[in-house]
Each structure stands twice: as structure tokens, then as C-alpha cells.
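This is what each chain is made of:
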Amino acid sequence: MKTSDFDYDLPPDLIAQEPAARRDESRLLVLRRQPTNQSRQPSAVGRQAFPITHHASPITHHPLPITHHVFPDLVSLVASNDVVVVNDSRVIPARLLARRAGGGAAEVLLVTREPDGTWRALVRPGGRIRAGSVLRLEGEDRVEIVEHLATGERRVRLVGPGGDDAVLARRGRVPLPPYIHRDPTDRDVERYQTVYADAPGSVAAPTAGLHFTPELLAALERKGATVARVTLHVGPGTFRPVSVEDPARHHLDPEAYVVPEAAASAIDAARARGGAVWAVGTTVTRTLESCAEPDGTVTAGAGWTSLFIRPGHTFRAVDHLVTNFHLPRSTLLMLVAAFAGRDLVLAAYREAIKKRYRFYSYGDAMAVL
């Protein structure tokens, strides 16, 4: 397996620069896996066929196991005894625009808050900003460079009236991904955040969840499905392509996660009654697979994971995946390929490009069954 095996050509105009007018107006490509993949097969008890709605293209007219829908059709796909697991991490306003002592521009992207109140951060221009430097924000607010870390990151301290949370509230900006070529607006403050975001800590949104609305979540629960919450704080490595040709030489930065007892119990209860586990996004998938026992039981707890899921991984906890369309050569695309098979996933991406789906964070979604 080579990194170049996960490359594909994407027309730049399909990279979504704005969110859909409404969260649930995104399109949904439904991909049915082949039975030879490595994933756990859920019990047939309580399963139901997915009724084709007026949005769908009949599968009998398509050479691939694909149908086309809009996102609210997901409710018809989830069975009443299933559990849908979401990531409730909240994106922090992690991007800070500053000035160096000589007047030059600088940028700080906060990554992780440390127990002592400092932050690990990415700083640009990296070569010119050393330990002991002070970067000015506005007013009395500033960023002090405490230490240059071996990873290339800096340890920094936010200083200003009210402490670092107040500095972030005043000066922080939405950390939009680098492929969105515009400055963030007030609209992004709300839309680059899931409706169930609760635990602050991410510097990138768990984007598969951006399509959900309160009404859609309520519809799932009315149907009898359980919605469970876990937390994984997304770091900037989510946007980092795999630069080496051997994916095994690529290492993911550790990310903090929490699986509450309520979530673990809901997952195990769904499995016991023959239901399936839906992971909303690659972050949920990595969290559950990091905590799963060989029999699929999910253990509650908190910790750090750097699990890199790629083809060859045997899934223990996840039966179905809801995800966006990901960058070429990325760890996220490799995860989806591990779940459904590389050839099938790349064929689905070619179909999505042909049908002009919108890609990446603010783009459309795919459900992999």
C-alpha cells in the first residue's frame, strides 16, 4: 500500500467555500459496502431496508452500489434499535493575528491547552519567533512565547485582562481550514460548529456533524434510535497530508478523547439488542476503535489517541459511517478506504465528482453502510 494509491483529481470549484444555506440541505451519497470488507457485520435483528425516497436514484440503474439523497434521508436509514454516536467537541477561536516587536505580521494557531495554563501552538513565521518573544494582539492583549518545542510547536501564554479565555473571546478567530480561501465571517462562528457542540477544545470542526439540525436529531430519537455523545478534540493534523510514500511511516499527533459511561452503555445496549453503531465522522470512528475490546464492547474512559486507521484495520466497534469527502492522500481518506475498500471508495469519489457534490469541511456527506 502506497500513499499515492489514495490520490485523486478534484476540480477546485468543487471545494466548498461556504456552507449550504441550511445545514440539512447538504446532499448525501449512500455507499453500500461489499461483504468482503474488514468491518464487523451487525446482527440482522431489527434491521430494515432503506426506503428509496423521491430524492434517490434507483440503485438498479447504477453500476455501483450507490444512491443519491439529501441529508435528512439519513433518518430513514437508521433503524429504531441503532445508536448514532456524535462528537460533541466544540471548536475554539484558535486563530490569533498578531504583530511582532518590529511590526511584522504573525499568526498563532492554538493546538492544546496544557495543565499549567500555557498552550501548545503553531506560530508563523516560525523561523523568526523565538522563546522570549512577545506578540502583540490588540489593546493590552498579547502572546508570550515561552518555549520552542522539539516538535516545531511553541509553548505560549495568552496575557490580557480576564485571562486567556477572555483574550480568546476578544481576539480569537474561527480557524477555518486552509483550503477555504477567505477570512472567517460572523456566519462561520455558528456554522463551523455542530449544533450539539459542548466541550471546548478543537481547532477544526468534526465536519460530518455539521449537517445535523436539532429537528433531525429529534426525528432520530422519535424513531427509537439513541443519540450518544463522545468527545475527541480535533487537532491541526487532520488537514496534514501524508507526505511519505509508505503510510506506516506517518504518525498522527495525539488527540484527547472522552467516552462517557452513558455513551459506552448506550453502544453496548444497542449491540445487545441487535442494533448497529453509527459513527458520525472519522473522529468518532477513531475514538470508538481506540476504546473497543475484541468483541466490540466499548470501554468508558478518557485518554489520548494517535490511532491511524488504514486498510488492513479490522473494525470492532463501528458498523456504519457518516462522513464528508476528504482530501487526497489524507489519513481521513485512508480511514474511509479501510472501512469500505479503497477501490470502492475512490469509485464513489469519482461518482461524487461527476455529480458535482461539494467537497471537504463545508461540503456534502456520504453514508457508508
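Anyway, here's the lowdown on the structure attached to this text. (Residues numbered from 1 in each chain as written. Predicted model: local features only at pLDDT ≥ 70, side-chain atom pairs only at ≥ 80, totals over all residues. Heavy atoms only, no water.)

### Description of the overall build of the chain
Stated formally: Where helices and strands are cited, they refer to DSSP runs of H or I of at least four residues and of E of at least two residues respectively, numbered from the N terminus. Exposure is judged per residue with a 1.4 Å probe applied to protein chains only, and the accessible area is read against the type maximum: over 50% gives exposed, under 20% gives buried, and values in between give partly exposed. Throughout, a residue-residue contact means that at least one pair of heavy atoms, one from each residue, lies within 4.5 Å. Only the protein chains shown count as cover for residues, and all accessible areas are computed by the Shrake-Rupley method using a 1.4 Å probe. Note on charges: Lys and Arg go in the positive column, Asp and Glu in the negative column, and His and the chain ends are not counted at all. Note on charges: their place is set at NZ of Lys, CZ of Arg, CG of Asp or CD of Glu.
Within the chain, the secondary structure is distributed over eight helices and 17 strands. Across its three principal axes, the chain shows a C-alpha extent of roughly 65 × 45 × 40 Å. Considering the chain as a whole, with its 369 residues, one finds that 54% of them fall into the buried category. At a minimum sequence separation of 6, the contacts of the chain that also span at least 24 residues come to 73%. Counting every atom, the chain has about 15,600 Å² of accessible surface; 52% of that belongs to carbon and sulfur. Here the chain contributes 45 positively and 41 negatively charged side chains, and the mean placements of these two sets differ by 3 Å.

### Focus on the pattern of salt bridges
Our working definition: For salt bridges, the criterion is a side-chain nitrogen of Lys or Arg within 4 Å of an Asp or Glu carboxyl oxygen.
The final tally for this structure, using the stated rule, is 25 salt bridges. Note that Arg 187 and Glu 18 form a salt bridge whose closest N and O atoms lie 4.0 Å from each other. On the criterion of sequence distance, the pair formed by Arg 187 in helix α3 (residues 186-191) and Glu 18 in the segment before β1 (27-31) is long-range, its members being 169 residues apart. Of the residues examined, Glu 18 reaches a relative accessible area of 36% and is grouped as partly exposed. Two residues, Arg 157 and Glu 144, come together in a salt bridge whose shortest N-O distance is 3.6 Å. With Arg 157 in strand β10 (residues 154-159) and Glu 144 in strand β9 (residues 142-148), the pair connects residues that are 13 residues apart, well separated along the chain.

### Let's talk about the side chain of His 326
Using the following cut-off: Distance and chemistry together define a polar contact, namely a pair of N or O atoms within 3.5 Å, with one atom able to donate a hydrogen and the other to accept it when in protein, and with adjacent residues in sequence counting only for side-chain atoms on both sides.
Here His 326 shows up in the loop between β16 (320-324) and α7 (331-340). Side chain to side chain, His 326 and Thr 323 meet in a polar contact 2.6 Å long. With residues up to four places along the chain from it excluded, the contact list for His 326 reads Tyr 8, Thr 282, Leu 332, Leu 333, Val 336, Tyr 349 and Tyr 360.

### Observations concerning the sheet that holds β16
Rules: Pairing between strands is defined by DSSP: at least two bridges between the two strands are required. Every angle, taken between N-to-C directions, lies between 0 and 180 degrees, and every axis is a line fitted to C-alpha atoms, over only the stretch in contact when it is a helix.
The sheet built from nine strands is open, its strands ordered β2-β1-β17-β16-β14-β3-β12-β13-β15 with mixed pairing. Each edge of the sheet is formed by a strand with only one pairing partner; in this case those strands are β2 (66-70) and β15 (301-305). Strand-to-strand twist of the sheet, defined as the mean angle between neighbouring strand axes without regard to direction, takes the value 25 degrees. Where strand β3 (residues 83-87) lies against strand β12 (residues 226-232), five bridges are found, and the strand directions are parallel. Looking at the pairing, Val 85 lines up with Ala 228 of β12.

### What about the layout of surface pockets?
Heads up, the condition is: Here a cavity denotes a set of grid points, spaced 1 Å apart and computed over the protein atoms alone, in which a 1.4 Å probe fits but from which it cannot get out, and a pocket denotes an open set meeting protein on both sides within 12 Å along at least five of seven lines; residues with an atom within 4 Å of a point are reported as lining. Grid points are joined across faces, edges and corners, and a volume is the space filled by probe spheres set on the points. In this classification, Asp, Glu, Lys and Arg are treated as charged, Ala, Val, Leu, Ile, Met, Phe, Trp, Tyr, Cys and Pro as nonpolar, and every other residue, Gly included, as polar.
Size it by volume and the largest pocket reaches roughly 630 Å³. Val 111, Thr 112, Arg 113, Gly 201 and Gly 235 are the residues nearest the centre of the largest pocket, which is lined by 28 residues in total. Mapped onto the lining of the largest pocket, the elements with two or more residues apiece are β4 (89-91), β6 (105-113), β7 (119-124), α2 (164-171), β11 (199-202) and β13 (255-259). Considering only residue class, the lining of the largest pocket consists of 14 nonpolar, five polar and nine charged. If you add up the space inside the second largest pocket, you get close to 480 Å³. As for the second largest pocket, its lining consists of 18 residues, and the residues nearest its centre are Glu 107, Leu 109, Arg 124, Leu 176 and Pro 178.

### Brief notes about the environment of Phe 71
Within the secondary structure layout, Phe 71 lies in the loop between β2 and α1 (74-77). Judged by its relative accessible area of 0%, Phe 71 falls in the buried class. Between the C-alpha atom of Phe 71 and that of Leu 29, which follows or precedes it by 42 residues, the distance is 8.7 Å. The residues contacting Phe 71, other than those within four sequence positions of it, are Asp 24, Ser 26, Arg 27, Leu 28, His 211, Phe 212, Leu 216, Val 322 and Ala 365.

### Concerning unusual backbone geometry
The step from Arg 124 to Pro 125 runs through a cis peptide bond, and the omega angle for that step is -5 degrees. By the secondary structure assignment, Pro 125 is in the loop between β7 and β8 (134-136). For Arg 329, which is not a glycine, the phi torsion comes out positive at approximately 60 degrees. Given a relative accessible area of 23%, Arg 329 falls into the partly exposed group.

### Concerning the packing of α7 against helix α8 (residues 342-354)
We apply this condition: Less than a right angle of anticlockwise turn of the near helix away from the far helix marks a crossing as left-handed, whereas a clockwise turn marks it as right-handed.
Between α7 and α8, the shortest axis-to-axis distance is 7 Å and the interhelical angle comes to 120 degrees. Seen along the crossing, α7 lies across α8 with a hand that is right-handed. Residues Leu 333, Val 336, Ala 337 and Ala 340 of α7 form the contact with α8, whose own contacting residues are Arg 342, Leu 344, Val 345, Leu 346 and Tyr 349. For the contact of α7 with α8, a count of residues per class yields eight nonpolar, no polar and one charged.

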